[in-house]
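Close look at the chain arrangement
So you can see what is in the structure, the chains are spelled out below.
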Amino acid sequence: MTKTIGLICGSLRKNSYNRIIAQSLTEMNDSHQFRWIEINELPLFNEDLEISVPETVTSFKSAIQDVDGIIIVSPEYNSGIPGVLKNALDWASRPQKSAVLSRKPVGLIGATPGGLGTAFAQLQIKQVLEAMQVHVLPFQKVLISHVHKKIDFDQKLLTDEPTKRYLQQYLEHFIHWIDHTPALD
Ligand SMILES: Cc1cc2nc3c(=O)[nH]c(=O)nc-3n(C[C@H](O)[C@H](O)[C@H](O)COP(=O)(O)O)c2cc1C
């Protein structure tokens, strides 16, 4: 069955490498739909705002609710999770008993011009998602190092064939994961 997959980019940068990687996923599989879930307009999380939840937060949560699974594609900042992404995940974790991300299948991808492929950030993201009882795709890791050498920056395209093949395989695993997560509940 056709799946709708939400894409969250952990970078707000216009020319983000991670956004280029996320965009490349949308071109890898015609049988499924992809939908961007933007986090740039979310206010800084503050419990006081929950008294009257801002519209940007409500639509962000509905966007999460409306997809079958989410792939987060994120950089690493100072060996950790980018603040904007943590902020979005905190919003998505509330209210705790009916959190939209709870039980949602989620995949993690990270890209960096550096050599460690965002490994530290992914550990932190996974820790946060596990606290929210998210079904993170197990075993598979996508750590894209030296990303600047793997894309055509002018065309904003992933060009490195091994990375493309690996991502394609990851996407297939993720789609199977979406079908299998109900058995975990
Ligand atoms: C505040 C800051 C901290 C960074 N820390 C790391 C880091 O710990 N590890 C790493 O691989 N790259 C780090 N970088 C470099 C980012 O990987 C690089 O800027 C990357 O292009 C950001 O992702 P984007 O292109 O999707 O925006 C850092 C960049 C910034 C701005």
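Described in the following lines is the structure provided in the data block. (Residues numbered from 1 in each chain as written. Predicted model: local features only at pLDDT ≥ 70, side-chain atom pairs only at ≥ 80, totals over all residues. Heavy atoms only, no water.)

1. Overview of helix α3 (residues 83-92)
The cut-off we apply is this: Relative accessible area decides the class of each residue, using a 1.4 Å probe on protein chains only: under 20% of the type maximum gives buried, over 50% gives exposed, and in between gives partly exposed. The helix count covers DSSP runs of H or I at least four residues long, the strand count covers runs of E at least two residues long, and both are numbered beginning at the N terminus. The contact definition used throughout considers only heavy atoms, calling two residues in contact when any of these lie within 4.5 Å.
Considered for burial, the residues of α3 that qualify are Leu-85, Asn-87, Ala-88, Leu-89, Trp-91 and Ala-92. Residues of α3 that are buried make contact with β1 (4-9), α2 (55-65), β3 (69-74) and α4 (119-131).

2. What to know about the side chain of His-32
By the element assignment, His-32 lies in the loop between α1 (17-26) and β2 (33-36). Ignoring sequence-local partners within four residues, the contact set of His-32 consists of Met-1, Thr-2, Lys-3 and Ile-175.

3. Some details on the pairing of β1
Cut-off, in case you're wondering: We treat two strands as partners when DSSP finds at least two bridges between them. Viewed with both strands pointing away, a crossover whose connecting path from the first strand over the helix to the second turns clockwise is right-handed.
Most of β1 is tucked away, with six of its six residues classed as buried. Alternating positions in β1 separate into two faces, Thr-4, Gly-6 and Ile-8 on one and Ile-5, Leu-7 and Cys-9 on the other, with burial throughout. As judged from the four bridges shared by β1 and β2, these two strands associate in the parallel manner. What sits directly across from Ile-5, in β2, is Phe-34. As for the winding sense of the linkage, the β-α-β connection from β1 through α1 to β2 is right-handed. In the sheet, β1 pairs with β3 via five bridges, with the strands oriented parallel. Residue pairing for β3: Cys-9 is matched across the bridge by Val-73.

4. Some points on the pairing of strand β4 (residues 105-111)
Looking along a regular strand, one sees side chains alternate from face to face of the sheet. A large share of β4 lies buried, amounting to seven of its seven residues. Residues Pro-105, Gly-107, Ile-109 and Ala-111 of β4 are buried on one face, and the alternating residues Val-106, Leu-108 and Gly-110, pointing to the opposite face, are buried as well. The pairing of β3 with β4 spans five bridges and is parallel. Among the inter-strand pairings, Ile-70 is bridged to a residue of β4, identified as Val-106. Read from β3 through α3 to β4, the crossover connection turns out right-handed. Taken together, the two bridges between β4 and strand β5 (residues 135-136) define a ladder with parallel strand orientation. In the strand pairing of β5, Pro-105 is matched with His-135. As judged from the three bridges shared by β4 and strand β6 (residues 142-144), these two strands associate in the parallel manner. Paired with Ile-109 across the two strands is Val-142, which belongs to β6.

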